[in-house]
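Report on the structure
Take a look at the letters that make up each chain.
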Amino acid sequence: MIWDPKYEAMPRAKLKALQGKRLRDIAKRVYERVPFYKAKFDALKVAPSDIRGVEDLHRLPFTTKDDMRDVYPYGLLACDLKKIIEIHTSSGTTGKPVVDAYTRADIDLWAEVMARTFSMGGAGKDDILQNAYGYGLFTGGLGAHYGAQRIGAACIPISGGNTKRQLDVMRDFGSTMLTCTPSYSLYIAEAGREEGIDFSKLPLRFGFFGAEPWSDNMRADIEDKLRIKAFDIFGLTEIIGPGVAAECEHQNLLHVFEDHFYPEIISPETGEPLPDGEKGELVFTTLTKEGTPVIRYRTRDITYLSREQCACGRTHVKMHRILGRTDDMLIIRGVNVFPSQVEHVLVTIKGVEPHYQLIVERVDNLDTLEVQVEMTEDLFSDELKYIEQKERQIEHHLREALLVHSKVKLVEPKSIARSEGKAKRVIDNRA
Ligand code: AMP
Ligand code: ZN
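Keep in mind it's a predicted model, so treat the numbers as computed, not measured.

Structural notes on the overall build of the chain
The secondary structure content of the chain amounts to 12 helices and 21 strands. Taken over the C-alpha trace, the chain has a radius of gyration of 23 Å; the compact-globule value for 431 residues is 22 Å, and the two agree within 12%. Along the first, second and third principal axes, the C-alpha set of the chain runs to 70 × 60 × 45 Å. Put simply, the chain has 431 residues, and 55% of those count as buried. Across the chain, the fraction of contacts at a sequence separation of at least 24, relative to all contacts at a separation of at least 6, is 66%. In the form shown here, the chain has an accessible surface area of approximately 18800 Å², with 51% of it arising from carbon and sulfur atoms. Charged side chains of the chain number 59 positive and 65 negative; the gap between the two group centres comes to 5 Å.

This is the structure in structure tokens:
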């Protein structure tokens, strides 16, 4: 079912005109209200009045994650702080995370785009959502929550983790929908099988999974084990959270809600826009957001766009599921982790060298992170007891910085392979 046919199935010419108008408005708004954008526009000698429609979008400046951190916490606000009713930050970053501040209208918009997302799979007011996305500063939990309520479904705000309870709730409350990371859904499936649960006997019908990369093979596995239809949903805090793009019933590419979030694909090297079908970096401009609108945000996610007509009747452009990243960001149990964050922690700790390697595995569908770090000669000659204490201490500091648990293993001095070029910091064995 199309939740909002007026906009989701709008004829393309009309949609383009609407986007053009919204782009002119947002360009003017950020220029007048956000000094950060005024300076960026001025540096490129572009004025809001130069923007006639989406064909002029490429003239506007990019926004990067670093830009956002530089103006932390409120430098992107385009309205009075009094109008803000909710604040979220991107997952996994500490120190200076990216801030998304929502007005009443932004929360309404979020509920709408998540209502569209759930409707794409066929969910409606008879459904019961087991929302196993994390609640809190992370956008996953509340975004899905608002969307479920908007379609009139019942939302169980169980949040992530506690798999035994997930299974009890699923069985006792008769959940028909599940939201969480795709890897956690498989973990639930396998824990359920061990408990002797026959998923074909449960009312669970569909899952909406995102926040980390996955594949069609993994989808087939999830659909088979949980006896559901599994849909890919995509979003990011910088734009609104979940609810930026989602798969329709054809499960072939994700429709981007482009009446609100205008996508472009650019060459990560030159920044030049690329044509449909070519792989490159995904860039978004928010066309309607009030609190923290963003112009041409470089996601560092790699994908391509397709404007082929979809049999579902929606006219919105589609994007392929995320194919990779232009940077070294890892997503571990749904949390964004940068190797550089590990380095920042290690340099503050006595007794270790900044020679380290991250080893990521998926064990029983749960991501694990081991951090191997070289000891100094001094520490190496110390008692084993002391070395183990050190490992626990580093684990504690890393947990605070990364927000995910890691296992630290101190290794002999000079035992981590040196590289002549870029150090190989990450060994990701999940794929
Ligand atoms: P966050 O801002 O913490 O919500 O993280 C957003 C990032 O998570 C995106 O830029 C993507 O790299 C990743 N992500 C979110 N949804 C998906 C998805 N469905 N498939 C692949 N990666 C995703
Ligand atoms: Zn479709």
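Things to note about the pattern of salt bridges
Evaluated as defined, the whole model comprises 41 salt bridges. Shared partners join several salt bridges into a network, and the residues in it are Asp4, Glu8, Arg116, Glu249, Asp259 and Arg314.

Quick notes on the domain arrangement of the chain
Per the domain assignment, the segments of the chain are domain 1 (1–327) and domain 2 (330–428). One C-alpha centre belongs to domain 1, the other to domain 2, and the line joining them spans 32 Å. Taken together, the contact between domain 1 and domain 2 spans 19 residues of the former and 15 residues of the latter. In this assembly, domain 1 packs against domain 2 so that about 1300 Å² is buried in total across both faces, 53% of it on carbon and sulfur atoms. Here domain 1 is connected to domain 2 by one salt bridge. For arginine 362, the salt bridge identified is with glutamate 212, shortest N-O distance 3.9 Å. In terms of residues, the side of domain 1 that touches domain 2 owes the most to one element, helix α8 (residues 182–194), which gives five residues. Per-class residue counts for the side of domain 1 that touches domain 2 are seven nonpolar, six polar and six charged.

Thoughts on the sheet that holds strand β21 (residues 426–428)
If you walk across this open sheet you meet the four strands as β20-β19-β18-β21, and the pairing is mixed. For this open sheet the edge positions go to β20 (407–411) and β21, each flanked by a neighbour on one side alone. Going from strand to strand, the sheet's axes swing by 20 degrees on average, the running direction of each strand aside. As paired strands, strand β19 (residues 366–375) and β20 are joined by five bridges and run parallel to one another. Among the inter-strand pairings, valine 371 is bridged to a residue of β20, identified as valine 408. Contacts from helix α12 (residues 384–402) reach β18 (352–363), β19 and β20, with the element oriented near 135 degrees to β20.

Conventions and cut-offs
- Residues numbered from 1 in each chain as written.
- Chains lettered and ligands numbered in written order.
- Predicted model: local features only at pLDDT ≥ 70, side-chain atom pairs only at ≥ 80, totals over all residues.
- Heavy atoms only, no water.
- Helix = DSSP H or I, 4+ residues; strand = E, 2+ residues; numbered from the N terminus.
- Rg over C-alpha atoms; globule rule 2.2 N^0.38 Å.
- Buried < 20%, exposed > 50% of the residue type's maximum accessible area, 1.4 Å probe, protein only.
- Contact = heavy atoms within 4.5 Å.
- Areas by Shrake-Rupley, 256 points an atom, 1.4 Å probe, with all protein chains shown as cover.
- Lys, Arg positive; Asp, Glu negative; His and termini not counted.
- Charge placed at Lys NZ, Arg CZ, Asp CG, Glu CD.
- Salt bridge = Lys/Arg side-chain N within 4 Å of Asp/Glu carboxyl O.
- Domains from an automatic or database assignment.
- Buried area = accessible area lost by both parts, 1.4 Å probe.
- Nonpolar A, V, L, I, M, F, W, Y, C, P; charged D, E, K, R; others polar.
- Pairing = 2+ DSSP bridges.
- Axes fitted to C-alpha atoms, helices over the stretch in contact; angles between N-to-C directions.

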